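What follows is each chain in one-letter form.
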Amino acid sequence: MGNYKLTGRESLGIEFGSTRIKAVLIDESCNPVESGGFNWENRLENGVWTYHTDEVWYGLQSAYKELCDRLGAPIKTLSSICFSAMMHGYLPFDKNGYQLAEFRTWRNTITGEAAAELTDLFGFNIPQRWSIAHLYQAILNGEEHVKDIAFFTTLAGYVHWKLTGEKVLGIGDASGMFPIDSETNNYDEVMLEKFRSLDNVKNYPWDIRDILPRVLGAGENAGTLTEEGARLIDISGELEAGIPLAAPEGDAGTGMTATNSVTVRTGNVSAGTSIFAMVVLEKALKSVYEEIDMVTTPTGKPVAMVHCNNCCTDLDYWVNMLFDFAKRAGSELTKPQVYDLLYNAALEGKADCGGLVNFNYFSGEPVSHTEDGRPMFIRSQGAQFTLPNFFRAQIYSTMATLKIGMRILENEGVEIDRLFGHGGLFKTPVVGQRLMAGAMNAPVSVMKTAGEGGAWGAAVLASYLVNGTGMSLEEFLESKVFVECESSTIEPDASDVKGFREYMKLYEKALPVEKAAYENI
């Protein structure tokens, strides 16, 4: 931007996404001022999906530097900051702050035994990627480091701790570590005691209550930026210490904030590397489902979450290959233009994809009960193999597993007044939005600001900390943030609804083929 004059009253949100670290600066009215970013990618090492912590800091510094470079001026001070990151996972530390094991991300499906035992113990679904499942699996595995744990947290909690010295976590992110009691807005005391009383847990010198981060709600002060923390963000030395920080949140919480989906009967779908839907509930579900995670909004309201590990990665590989072909053929199309061309071609395809089926599985999917993944495209001899049908099948595959989980909520009678879409799947206008509306059989809205994503949501939570005095988060969002927000809504098209239903019949019939693929290849 270059011509924006900094006032020191701006708020900064930084989110560590699966493939991109993004920093967004907003003014007092929560309007985006400028952004910076850094691309990164998880790696599979010794059977574990992970990121190295030195990449965390290099990526943070790079995204922040790009933000300042685009502003054309260094940032001296801010009114507030909030960090966010991928939820779940496992980052354990000893009493001296030494990291005891590799960062085990949400993408891992290596805690099946622990997750099943804890779900049975609690009478509450504990997904494989939750932090408590990772901890308990490490106990079941007899891992040496467990006895030395003094603290464990999520990625957002880790970054916040290093910048402020505070071992805290926003309630939404905390709800992916250990179950939350929405009456007390804290970890569920009955479940803590059940875990603590397990024979193979009692052997350790720590108490689960003492090694979890402290839970904070939106609007609560979570500490201030230290001198050391300021240098970890800004290596130029310009950023001053003493800036207040909001509680670190998970990407689900910032997604809900960024789409104004924190009130009951609202929901949002985040579609990027992974895809998940969040629905704020009026009442508790009647049963426990291993496909449905129970988490919370940033203020502690119960939320049903359907989380799928795989979304756009496979689609991106196909686009990259076709983009390479276009370049070799002498085309001057840019990659964004190729994306738009292929997405729009999908609208010309048959509503049921003409008998084509795609699996976008790079890893296992608990929702569809698959333990591993192999990307796979299937067609019969008589299938209608055209480019529009092919790419429609690619887009359908990004939301097929999500649909399996969402059907459970439909059967529970959960009603959704509005469903907001955000993430890479919705970058091309209309296409992803329309096909998602057909898949979910519900109106799908996309906000103009949703393109800024979770980092903007984190910045809004930072602003709420200092500008939301006397208001609930819901009131702050309605009256201060989204009062003039532009959005578009697409109602489900009957032919799309029917076509996706037919596609799902074939998709679910083919699931044993997907399982055979990862068992044999």
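Computed from a prediction, not measured in an experiment: that's the story for all the values here.

(A) Structural detail: the sheet that holds strand E18 (residues 293-296). The strand order across the open sheet built from seven strands is E18-E19-E17-E16-E22-E23-E24, with neighbouring strands paired in mixed fashion. Single-partner strands in this sheet number two, and they are E18 and strand E24 (487-490). Put simply, the sheet's adjacent strands are angled 25° from each other on average, direction ignored. By the bridge criterion, two bridges tie strand E22 (residues 418-422) to strand E23 (residues 444-447) in an arrangement that is parallel. Bridge pairing in E23 links Phe420 to Ser445. This element, helix H13 (residues 387-411), spans strand E16 (266-271), strand E17 (275-280) and strand E19 (302-308) of the sheet and lies at about 25° to E17.

(B) Local environment of H13. With 25 residues, H13 extends 35 Å between its outermost C-alpha atoms, agreeing within 8% with the 36 Å of an ideal straight helix rising 1.5 Å per residue. Taking the largest bend as the criterion, H13 deviates by roughly 35°, centred on Met399. Of all 25 residues in H13, 21 are buried, a share of seventy percent or more. For H13, the N-terminal cap is Thr386; the gap from its side-chain oxygen to the backbone nitrogen of Asn389 is 3.2 Å.

(C) Expanded view of the side chain of Asp234. With respect to the element layout, Asp234 can be found in the loop between helix H9 (227-233) and strand E14 (244-246). In this structure Asp234 is buried but unpaired, with Arg231 as the nearest side chain of opposite charge at 4.9 Å. A distance of 2.6 Å separates polar atoms of two side chains, one belonging to Asp234 and the other to Ser236. Within the structure, the side chain of Asp234 is placed 3.0 Å from the backbone nitrogen of Leu239, a separation counted as a polar contact. Among residues more than four places away in sequence, those in contact with Asp234 are Tyr64, Ile75 and Leu239.

(D) Main features of the side chain of Glu249. Structurally, Glu249 can be placed in strand E15 (residues 249-250). At 2.9 Å, the side chain of Glu249 forms a polar contact with the backbone nitrogen of Asp173. Discounting chain neighbours no more than four positions away, the residues touching Glu249 are Phe83, Ser84, Ala85, Ala156, Gly170, Ile171, Gly172, Asp173, Thr254, Pro298 and Leu461.

Parameters at a glance
Residues numbered from 1 in each chain as written. Predicted model: local features only at pLDDT ≥ 70, side-chain atom pairs only at ≥ 80, totals over all residues. Heavy atoms only, no water. Pairing = 2+ DSSP bridges. Helix = DSSP H or I, 4+ residues; strand = E, 2+ residues; numbered from the N terminus. Axes fitted to C-alpha atoms, helices over the stretch in contact; angles between N-to-C directions. Contact = heavy atoms within 4.5 Å. Expected span 1.5 Å × (residues − 1). Bend = angle between axes of the 7 residues up to and from the residue. Buried < 20%, exposed > 50% of the residue type's maximum accessible area, 1.4 Å probe, protein only. Polar contact = N/O pair within 3.5 Å; in protein donor to acceptor, adjacent residues only side chain to side chain. Lys, Arg positive; Asp, Glu negative; His and termini not counted. Salt bridge = Lys/Arg side-chain N within 4 Å of Asp/Glu carboxyl O.

Keep in mind these numbers describe shape, not what the thing actually does.
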